[in-house]
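# A structural walkthrough
Given next are the chains, with one letter for each unit.
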Amino acid sequence: MKKVLITGALGQIGSELTVKMREVYGTNNVVASGRRIKEEHRQLIESGPFEIININDINALGEAVDKYKIDAIVNLAAILSAVGEKHPDQCWQINMNGLYNVLEVAKEKGCMVFTPSSIAAFGPSTPPDKTPQDTIQRPTSMYGVTKVAGELLCDYYFKRFGVDTRGVRFPGLISYETLPGGGTTDYAVHIYYEALKNKKYTSFIAKGTYMDMMYMPDALDAIINLMEADPSKLIHRNAFNVSAMSFDPEMLAESIRKFIPEFELHYKVDPVRQGIAESWPNSLDDTAAREQWGWNPKYTLDAMTEDMLEKLKRKLS
Ligand code: SER
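Presented here is a report on the structure given in the accompanying data block. This structure is a prediction, so every number in the text was calculated from the model and none was measured. (Residues numbered from 1 in each chain as written. Predicted model: local features only at pLDDT ≥ 70, side-chain atom pairs only at ≥ 80, totals over all residues. Heavy atoms only, no water.)

## Description of the packing of aromatic side chains
Here the structure, examined in full by the defined rule, presents seven aromatic pairs. Taken together, a centroid distance of 6.0 Å and an interplanar angle of 45° make the contact between tryptophan 293 and tryptophan 295 tilted. Residue class for tryptophan 293 comes out buried when judged on its relative accessible area of 10%. Its relative accessible area of 4% is what places tryptophan 295 among the buried residues. (Phe/Tyr/Trp six-rings, centres within 6.5 Å; stacked < 30°, edge-to-face > 60°. Buried < 20%, exposed > 50% of the residue type's maximum accessible area, 1.4 Å probe, protein only.)

## Thoughts on helix α8 (residues 216-228)
If you check α8, its first and last C-alpha atoms are 18 Å apart, about what 13 residues at 1.5 Å a residue would give, namely 18 Å. Counting buried residues in α8 gives ten out of 13 residues, a clear majority hidden from the surface. Within the sequence span of α8, burial applies to Met216, Asp218, Ala219, Leu220, Asp221, Ala222, Ile223, Ile224, Leu226 and Met227. (Helix = DSSP H or I, 4+ residues; strand = E, 2+ residues; numbered from the N terminus. Expected span 1.5 Å × (residues − 1).)

## Structural notes on helix α12 (residues 301-316)
Compared with an ideal rise of 1.5 Å per residue, which puts 16 residues at 22 Å, α12 spans 22 Å between its outermost C-alpha atoms and is within 8% of the ideal. Taken residue by residue, α12 has Leu301, Met304, Thr305, Asp307, Met308, Leu309 and Leu312 as its buried positions. On its buried face, α12 is in contact with β9 (172-174), α7 (187-198), β11 (211-215), β13 (245-247) and α9 (249-257). (Contact = heavy atoms within 4.5 Å.)

Just geometry here; none of it tells us what the structure is for.
Listed below in structure tokens is the structure:
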């Protein structure tokens, strides 16, 4: 049985992973942490053990690991791609120095570490279609730079110090519980809110821009299944390509129209986020994840749209 510390637990992934992991490992075996708490976080904070931790404070991290006898750290504290272009310094501090602190604490105290990488770890010179597991990685965003460096750093801590590091390259994640915090793929979340509220959406990503995407329940399974996977089968460990679907804004709108026929999609392209999106692959090849630890996403685009609209409607009413 694992005792898990989740950093960035109040974010888009963390707020749902905390709940799911508590179902799997038991409430007291999953410690949530975040660096800033707001009123909207009250329910999560009161639902089990919680600590205020800024991952740039290595002592606070180490103390929490000791206090709760943690043996696995899930490092979700991060600045996403669009915010990272506005504040590259913060992006480096949190994504890179924060990960370094997590790995140092893990090395010192014998914890395993899960850290997500991203489709952002690829760049314009990467083969864009069926992007292979091992290929050119020359990203052009600060977020992408921290993701590639993070993949390498996690590999290094495994090879050099034997820290059991694992990770996946997440695509855009779509969910209804907590909004994403300033990424390029966020349009694919906002569109559902606007479809329900106003029956129309203005996309900051252009028509014809394909990116990999995934519904949150599949992403949570990816984290838990990889953390539970037999280490002797893992060849790649830190940077498994995972994908569930690839679409552009038009395809997403088409899917929404199956449930809200009058839905309208308009465009007002944001050059920064469009530039980032164009530097990322259209679709990843995730064969290695399927073969090495049984990755098998459940949600297709329409199944996700149906579930997302139903759950979001409940939430908004
Ligand atoms: N969803 C992230 C972003 O857009 C990609 O990992 O920044």
